[in-house]
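Residues per chain, in single letters:
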Amino acid sequence: MAEPVLPARLAWAEGLPLNLPAPLLRLLESPGLPDDEIGLRDAAMALRISAAFTNTPPASSRLPVSYQAVPGKLRRIVANAMGRAYRCRQSAWARFPGWPLDLSADIAADLAGVRTTTFARTPVLVTHDIDSPEGLRNLRDMFLPLEEAAGARSAAYIVPCAWDVDEGLTREVLARGHEIGVHGYDHANRTAFAPPDERRNRLKAGHQFARAHGAVGYRAPSLLRTAALIEDLQSLYRYDSSIPTSGGAFPTPNNGCASARPWRFGRLWELPLTMPRDGSLRFLGYSPAEIGALWRDVAARIARSGGLVCLLTHCEAGFSGNSKMLAQYKSLLEWIAGESQYEYLRPLGLLDRLDAVDS
Ligand SMILES: [Zn+2]
């Protein structure tokens, strides 16, 4: 059989790995118009959501004590040993979405003629999950200066109810033009799976922090998210950014939306986390130089697809708050600043634009 020929609107997808539902694969192979356009559109949209939620709690959310009580160093030693073994078994944890980047849902949408949000100039969102007082201090001392020198402003999602958040630091972050968002409740990885009343109480407590800091965005701890959680977020936030494009092995194998384009759950915008995360990469044994090279490669492929670049780094020394990772981060920020294809935005700024064209 001859190789299927990609339609012109899919030229950006040339050479990318692909996971498509059967009806869409048949469309690729058959010339002419599809018989069932609505069925094809539904199949394309169903693909985006098919692995978007983590419906099974990972072991860490079922422990009797918060898993953060295990000393960080011990957690990292165990994690590093597991990671090296994991890297060899990618076919088990990245069947769909593939890893480190799978844009099958965007390919499916373009193939089926679904209207999606794309960008001529690629928005770049640099974001941080702030899991500890160390993370917040490092954000101010190490990350913000690099971002500001490159003309970027970031978004930091702070755990609101686990430790004393230094109000002087949060005020400074905001005063320097950066954005603050909410990172769950206490990072015990329970909110997404809690009974409805408990889930809402945790979200409400976190939202008090949001109101005090002008936060309109939510990032789920460990990216654990369920349809019920997203439903509850709709009345509290303007956007969520908890669904990775290609989640890889974490928080559960084979998770992600396979899309780098924003979309809506009701009124709530979903800004997918499109870049491979520092935690996963370090866990899998990638060196800082390999991480820097992979980030550029993935960003370039996303830019060609019309999607957005959304990068998550953690500011603690065990993740990206160390000299080798910061050097890679600085180099990425400068490379993006020097390429006219990209444009730094805060999520808030992107939302204003999205709402202006799709209200
Ligand atoms: Zn976190």
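Residues numbered from 1 in each chain as written. Predicted model: local features only at pLDDT ≥ 70, side-chain atom pairs only at ≥ 80, totals over all residues. Heavy atoms only, no water.

(A) Representation of the overall build of the protein. When helices and strands are counted, the protein shows 13 helices and nine strands. Out of the 359 residues belonging to the protein, those deemed buried represent 54%. Pairs at least 24 apart in sequence give 78% of the contacts found in the protein among residues at least 6 apart. (Helix = DSSP H or I, 4+ residues; strand = E, 2+ residues; numbered from the N terminus. Buried < 20%, exposed > 50% of the residue type's maximum accessible area, 1.4 Å probe, protein only. Contact = heavy atoms within 4.5 Å.)

(B) Spatial organisation of the coordination of the zinc ion. Note on the zinc ion: its protein donors are Asp131 (OD), Asp131 (OD), His183 (NE2) and His187 (NE2). The metal-donor distances range over 2.1 to 2.7 Å. If you look at the zinc ion, its four donor atoms make angles of 51 to 136 degrees with each other, and the shape they trace is irregular. Here the donor residues for the zinc ion map to a single chain with the spacing D-x51-H-x3-H. You can see Asp131 sitting in the loop between strand S1 (122-130) and helix H6 (133-149) and its partner His187 sitting in the loop between strand S3 (179-182) and helix H8 (196-213), a full 56 residues away along the chain. Like His187, Asp131 is buried. (Donors = N, O, S within 2.8 Å, 3.2 Å for Na, K, Ca; no water. Tetrahedral: all angles 85-135°; square planar, octahedral: opposite > 155°, others 65-115°.)

(C) Layout of the pattern of salt bridges. Taken as a whole and assessed by the stated rule, the structure comprises 17 salt bridges. Between Arg199 and Asp232 there is a salt bridge; the shortest N-O distance is 2.6 Å. Placement of the pair is Arg199 in helix H8 and Asp232 in helix H9 (residues 227-233), with a sequence separation of 33 residues. For Asp232, a relative accessible area of 10% puts it in the buried group. Lys330 is the partner of Glu334 in a salt bridge, and the nearest nitrogen-oxygen pair spans 3.1 Å. Placement of both Glu334 and Lys330 in helix H12 (residues 323-337) is noted, with a separation of four residues, approximately one turn of the helix. Of the residues examined, Glu334 reaches a relative accessible area of 44% and is grouped as partly exposed. (Salt bridge = Lys/Arg side-chain N within 4 Å of Asp/Glu carboxyl O.)

(D) Molecular detail of the packing of helix H2 (residues 37-50) against helix H5 (residues 104-112). Direction vectors running N to C along H2 and H5 enclose 165 degrees, while the axes themselves pass 8 Å from each other. Between H2 and H5, the crossing angle belongs to the class labelled roughly antiparallel. Between H2 and H5 lies a crossing of left-handed hand. Taken together, the residues of H5 that come into contact with H2 (itself represented by Leu40, Arg41, Ala44, Met45, Leu47 and Arg48) are Ser104, Ala105, Ala108, Ala109 and Ala112. Looking at the contact of H2 with H5 residue by residue, the class counts come to eight nonpolar, one polar and two charged. (Axes fitted to C-alpha atoms, helices over the stretch in contact; angles between N-to-C directions. Parallel < 35°, antiparallel > 145°, perpendicular 65-115°, else oblique. Left-handed = near helix turned anticlockwise from the far one by under 90°. Nonpolar A, V, L, I, M, F, W, Y, C, P; charged D, E, K, R; others polar.)

(E) Just the packing of H6 against H12, in detail. At a closest axis distance of 9 Å, the pairing of H6 and H12 adopts a crossing angle of 20 degrees. Of the possible angle classes, the one that applies to H6 and H12 is roughly parallel. For the pair H6 and H12, the sense of crossing is right-handed. Mapping the contact onto sequence places Met142, Phe143, Leu146 and Glu147 in H6 and Leu326, Tyr329, Lys330 and Leu333 in H12.

(F) Looking closely at the packing of aromatic side chains. In this structure the tally under the stated criterion is nine aromatic pairs. Both rings, one in Phe53 and one in Phe265, keep their centres 6.1 Å apart while their planes meet at 40 degrees; by these two values the pair is tilted. Here Phe53, found in the loop between H2 and helix H3 (72-87), pairs with Phe265, found in strand S6 (residues 263-265); they are 212 residues apart in sequence, far enough to count as distant. Relative to Tyr237, the ring of Tyr218 lies with its centre 5.5 Å away and its plane at 50 degrees, an arrangement referred to as tilted. With Tyr218 in strand S4 (residues 217-218) and Tyr237 in the loop between H9 and strand S5 (239-240), the pair connects residues that are 19 residues apart, well separated along the chain. Tyr237 shares its class with Tyr218; the two are buried. One aromatic cluster is present, formed by Phe53, Trp263 and Phe265 through successive ring pairs. (Phe/Tyr/Trp six-rings, centres within 6.5 Å; stacked < 30°, edge-to-face > 60°.)

(G) Structural context of the side chain of Ser320. Residue placement: Ser320 occurs in the loop between strand S8 (309-314) and H12. A polar atom in the side chain of Ser320 sits 2.7 Å from the side chain of Asp278. (Polar contact = N/O pair within 3.5 Å; in protein donor to acceptor, adjacent residues only side chain to side chain.)

(H) Layout of the nonpolar core. With 89 residues, the main nonpolar core has Leu24 and Leu139 as its most contacted residues. Of all the elements, helix H11 (residues 288-305) adds the most residues to this core, at seven residues. Not counting residues up to four positions away in its chain, the partners in contact with Leu24 are Leu40, Ala43, Ala44, Ala108, Leu111 and Ala112. Within the second largest apolar cluster, 18 residues are counted, among which are Tyr157, Leu223, Leu345 and Leu348. (Core = buried A, V, L, I, M, F, W, Y, C linked by side-chain atoms within 4.5 Å.)

(I) Representation of the pairing of strand S2 (residues 155-158) within the structure. Residues of S2 alternate between two faces, with Ala155 and Tyr157 on one and Ala156 and Ile158 on the opposite face, all of them buried. Where S1 lies against S2, four bridges are found, and the strand directions are parallel. From the neighbouring strand, Asp129 faces S2, where its bridge partner is Tyr157. Handedness of the crossover is the feature at issue here: the chain leaves S1, passes through H6, returns alongside S2, and the resulting connection is right-handed. With helix H7 (residues 167-175) bridging S2 and its parallel neighbour S3, the resulting β-α-β unit is right-handed. (Pairing = 2+ DSSP bridges. Right-handed = clockwise from strand over helix to strand, strands pointing away.)

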